[in-house]
Amino acid sequence: HDAASHAFLWQNGVMTDLGTLQGPSGNSWAYWRPSDSGLVGGFSATDAVDPNGEDWCTLGGHQICLPVMWKDGRMKALPTLGGYNGEATGANNQGQLVGYTELPTYDPSCPAGSPAFQTGGVEWRHGRIQQVFHPLAGDTDANAFAINERGQVVGVSAICKSASFHAVLWQDGRAIPLGTLGGTWSQALDINSQGQIVGNSALSGDTTSHAFLWQRGRMTDLGTMPGDVSSKAVAINDQGQIVGYSEDINTSRSVVWQNGGIWGLNTLISADA
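This structure is a prediction, so every number in the text was calculated from the model and none was measured.

Draft legend 1. Expanded view of empty space enclosed by the protein. What the rule picks out here adds up to 1 cavity of 30 Å³ or more. Of the voids in this model, the largest cavity is the one considered here, and its volume is about 40 Å³. Mapped by element, the contributors of at least two residues to the lining of the largest cavity are β4 (40–49) and β5 (63–71). Broken down by class, the residue content of the lining of the largest cavity amounts to 9 nonpolar, 2 polar and no charged.

Structure representation (structure tokens):
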């Protein structure tokens, strides 16, 4: 009856319900790319109420939302960095899973109504925290979104989550800022095995944002479909094919960037599909 939302894994034409920490009537989500071996990261609501009154799951009940991993038919809650909430995101084939969790440190820079605790980027392996990714100097939060087979991790360094954020690459124990396309903010959402990174960034003036490809120390504007005003790249494979979306004021369309061009995905399927 549309009362609950469950994370799923779709593979070889089969959609598998990943379950929740609350049972069949609970809620869970898995938004990020799984590993080829079927390791999935996400987060799930629990039956416990957040003592700080936060609503990470945005369900209105203010439940604690824990980071989770799903492997071999079983969902498992993951440890946090001392706070109550968190999310697991991208995985690789080495069994490494990244994400971010709350810290027990109150963040006075958060605006009213926002989550008020700092976050730290995390790597879990076999369900245990192996590494913590720290924010850039001057920032308070670090959120890890994707990890490649070489262990390079990308995400954002931020001041109170989305209030101000910067695309970052964590490599060899360092947080490396990736810059912007001229605006004040950017975010890195995926990285392939060649170290190519995609995401989106504000343009000069911060009135719109474009998808970018970052490689060999340089960020390149991927542009939009003709007539559109903004775009966002969300994933890249090892062949360098990039997927995301391009938007005008009223319409958002799925696109692929490859071989130096951009195509709307609806143009690549039959008219009756």
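From this point, the discussion proceeds with the structure in view.
Draft legend 2. Examining the packing of aromatic side chains more closely. Counting across every chain of the model gives 8 aromatic pairs. Plain terms: the ring middles of Y106 and F117 are 5.9 Å apart, the flat faces sit at 85° to each other, and that makes the pair edge-to-face. With Y106 in strand β8 (residues 96–106) and F117 in strand β9 (residues 117–125), this residue pair connects regions lying 11 residues apart in the sequence. On the accessibility criterion, Y106 (52% relative accessible area) is exposed.

Draft legend 3. Expanded view of the pattern of salt bridges. By the definition in use, this model includes 3 salt bridges. For D190, the salt bridge is made with R33, and the minimal N-O distance between the two is 2.9 Å. Here D190 is found in strand β15 (residues 182–191), whereas its partner R33 is found in the loop between β3 (28–29) and β4, with 157 residues between them in sequence. Taking the relative accessible area as the measure of exposure, R33 reaches 38% and is therefore partly exposed. One salt bridge connects D248 with R253, and the closest N-O pair in it is separated by 3.6 Å. Within the structure, one salt-bridge network assembled from shared partners comprises D228, D248 and R253.

Draft legend 4. Just the nonpolar core, in detail. Counting 14 residues, the largest nonpolar core has V154, L169, L178, I197, F212 and W214 as the members making the most contacts within it. Secondary structure elements with two or more residues in this core: β13 (164–171), β15, β16 (197–203) and β17 (209–215). Ignoring anything within four residues of it in the chain, the contact list for L169 reads Q152, V153, V154, R174, A175, I176, L178, I191, I197 and W214. Counting 12 residues, the second largest nonpolar core, distinct from the first, contains W29, C65, Y100 and F165.

Draft legend 5. Quick peek at the state of the cysteines. Counted under the stated rule, the structure contains 1 disulfide. Between C57 and C65 runs a disulfide, and the two sulfur atoms are separated by 1.3 Å. What sets the handedness of the C57 and C65 disulfide is the S-S torsion sign, and at about 90° it is right-handed.

Draft legend 6. Quick look at a nonpolar patch on the surface. A surface patch of nonpolar side chains, about 390 Å² in accessible area, is lined by F8, W10 and M15. Mapped onto the fold, F8 is located in strand β1 (residues 7–11). Note on F8: relative accessible area 43%, which makes it partly exposed.

How each quantity is defined
Residues numbered from 1 in each chain as written. Predicted model: local features only at pLDDT ≥ 70, side-chain atom pairs only at ≥ 80, totals over all residues. Heavy atoms only, no water. 1 Å grid on protein atoms, 1.4 Å probe; cavity = no way out; pocket = protein on both sides within 12 Å on 5 of 7 lines; lining within 4 Å. Points joined across faces, edges and corners; volume = space filled by probe spheres on them. Helix = DSSP H or I, 4+ residues; strand = E, 2+ residues; numbered from the N terminus. Nonpolar A, V, L, I, M, F, W, Y, C, P; charged D, E, K, R; others polar. Phe/Tyr/Trp six-rings, centres within 6.5 Å; stacked < 30°, edge-to-face > 60°. Buried < 20%, exposed > 50% of the residue type's maximum accessible area, 1.4 Å probe, protein only. Salt bridge = Lys/Arg side-chain N within 4 Å of Asp/Glu carboxyl O. Core = buried A, V, L, I, M, F, W, Y, C linked by side-chain atoms within 4.5 Å. Contact = heavy atoms within 4.5 Å. Disulfide = S-S within 2.5 Å. Patch = residues over 30% accessible without salt bridge, like charges linked within 9 Å, V, L, I, M, F, W, Y side chains within 5 Å. Areas by Shrake-Rupley, 256 points an atom, 1.4 Å probe, with all protein chains shown as cover.

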